[in-house]
Amino acid sequence: MPEKRVDDQPSPSHDMLAEAQHILHEHLTQLGLKRSSQRDTILRAFLEARNHLSTEELHALTKNQDPAIGYTTVYRTLKLFVQCGLAAEVEFHDGVARYEQRLNRRSHHHMICTQCGDSVEFFSPEIEELEHRIGEKFNYVTSQHSFQIYCTCEACQKQSRDSVANAQ
Ligand SMILES: [Zn+2]
Ligand SMILES: [Zn+2]
């Protein structure tokens, strides 16, 4: 089974956590907000998860480490991560806002299971190339594009086969 995440590493390095924390603290200072151990805990949980997380999922992860962290704090802290470029919202068009780490990550595309929300990340130089080619054709300066593949994952295919078999 190929890796579902690009630029894979087992867990964020000490240096990367320190860099992320520095970026967050600078941003908080600019906004006149105080550093807090809760925000640092949320940041660490977010980076260590290395996944596309909804606010609820991140809240569940942080609660294990500090039960005092509330949903609203996680929600607001995620917005701060987005503002300072540590995170970006990934839109899977299923009504759930998910966030992923942006620090030290290459731009990539997603393939999403519409049944269970599982996702695969991939690179495609061909799509980058296509963006530039179409831009050039019309003399537009392109800046970014969005490309997602929607599908049914292997586990969900199996599940629907099994439920058909059971119904017979
Ligand atoms: Zn699935
Ligand atoms: Zn991603």
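Preceding this paragraph is the structure being described.
First, a word on what this report is: a plain description of the structure on this page. Values in this document were obtained by computation on a predicted structure and should not be read as measured data. All residue numbers refer to position in the chain's written sequence, counted from 1. Chains carry letters and ligands carry numbers; both start at the beginning, A for chains and 1 for ligands, and go up in the order they are written. Residues qualify for local features only when their pLDDT is at least 70, as the model is predicted, and side-chain atom pairs are given and counted only at 80 or more; totals for whole chains, interfaces and linings, by contrast, use all residues. Where side-chain values are given, they derive from all heavy atoms of the structure, hydrogens and water being excluded.

Considerations on the sheet that holds strand β3 (residues 97–101)
The rule for pairing is simple: two strands pair if DSSP sees at least two bridges between them. Each helix is a run of DSSP H or I of at least 4 residues and each strand a run of E of at least 2, with the numbering of both proceeding from the N terminus. Strand order in the open sheet formed by three strands is β1-β3-β2, and the pairing between neighbours is antiparallel. In the strand order of this sheet, the two ends are held by β1 (53–54) and β2 (87–91), each with one partner. Judged from the two bridges that link them, β1 and β3 form a sheet pairing that is antiparallel. Bridged to L53 within β3 is Y99. Any two residues having at least one pair of non-hydrogen atoms within 4.5 Å are treated as being in contact. As a rule, the C-alpha atoms of each element are fitted with a line to give its axis, helices using only the stretch in contact, and angles between N-to-C directions run from 0 to 180 degrees. In the packing of helix α2 (residues 37–49) onto the sheet, the strands contacted are β1, β2 and β3, and the crossing angle to β3 comes to about 85°.

Considering the coordination of the zinc ion (ligand 2)
By definition of the ideal shapes, four donors in a tetrahedron about a metal sit 109.5 degrees apart, and six donors in an octahedron sit 90 or 180 degrees apart. Donor selection uses N, O and S atoms within 2.8 Å of the metal (3.2 Å for Na, K and Ca). Since no water is included, sites may look incomplete. Only H52 (NE2), E100 (OE), H108 (NE2), H110 (NE2) and E121 (OE) from the protein coordinate the zinc ion (ligand 2), and they sit 1.9 to 2.3 Å from it. Sequence spacing among the residues donating to the zinc ion (ligand 2) works out to H-x47-E-x7-H-x1-H-x10-E. Of the two residues, E100 sits in strand β3 while E121 sits in strand β5 (residues 119–122), which places them 21 residues apart along the sequence. Exposure remark for E100: the relative accessible area of 1% places this residue in the buried category. Any residue under 20% of the maximum accessible area for its type is buried, any over 50% is exposed, and the rest in between are partly exposed; the area is computed with a 1.4 Å probe on protein chains only. A relative accessible area of 4% places E121 in the buried class.

A word on the layout of surface pockets
In this analysis a 1.4 Å probe is tested at points of a 1 Å grid over the protein atoms alone, and where it fits but cannot get out there is a cavity; an open set with protein on both sides within 12 Å along at least five of seven lines is a pocket; lining residues have an atom within 4 Å of a point. Grid points are joined across faces, edges and corners, and a volume is the space filled by probe spheres set on the points. In this structure, the largest pocket occupies an estimated 470 Å³ of space. If you go around the largest pocket, you meet 16 residues; those closest to its centre are R102, H108, Q144, H145 and S146. Only β2, β4 (109–113) and α5 (125–138) provide two or more residues apiece to the lining of the largest pocket. Element by element, the count of residues in the lining of the largest pocket is highest for β2, at three residues. Its residues assigned to classes, the lining of the largest pocket shows two nonpolar, nine polar and five charged. When residue character is reported, Ala, Val, Leu, Ile, Met, Phe, Trp, Tyr, Cys and Pro are called nonpolar, Asp, Glu, Lys and Arg charged, and the others, Gly included, polar.

Digging into the coordination of the zinc ion (ligand 1)
Within the protein, the atoms that donate to the zinc ion (ligand 1) are C113 (SG), C116 (SG), C153 (SG) and C156 (SG), at distances of 2.3 Å. Sequence positions of the residues that donate to the zinc ion (ligand 1) give the spacing C-x2-C-x36-C-x2-C. On the basis of relative accessibility, which here comes to 46%, the residue C116 falls in the partly exposed class.

A look at the nonpolar core
Here the nonpolar core consists of buried residues drawn from Ala, Val, Leu, Ile, Met, Phe, Trp, Tyr and Cys, with membership extended through side-chain atoms lying within 4.5 Å. Core analysis: the largest hydrophobic core is formed by 22 residues, its most contacted members being F46, L58, F81 and L86. When residues of this core are traced back to their parent elements, those giving at least two are α1 (14–31), α2 and α4 (71–83).

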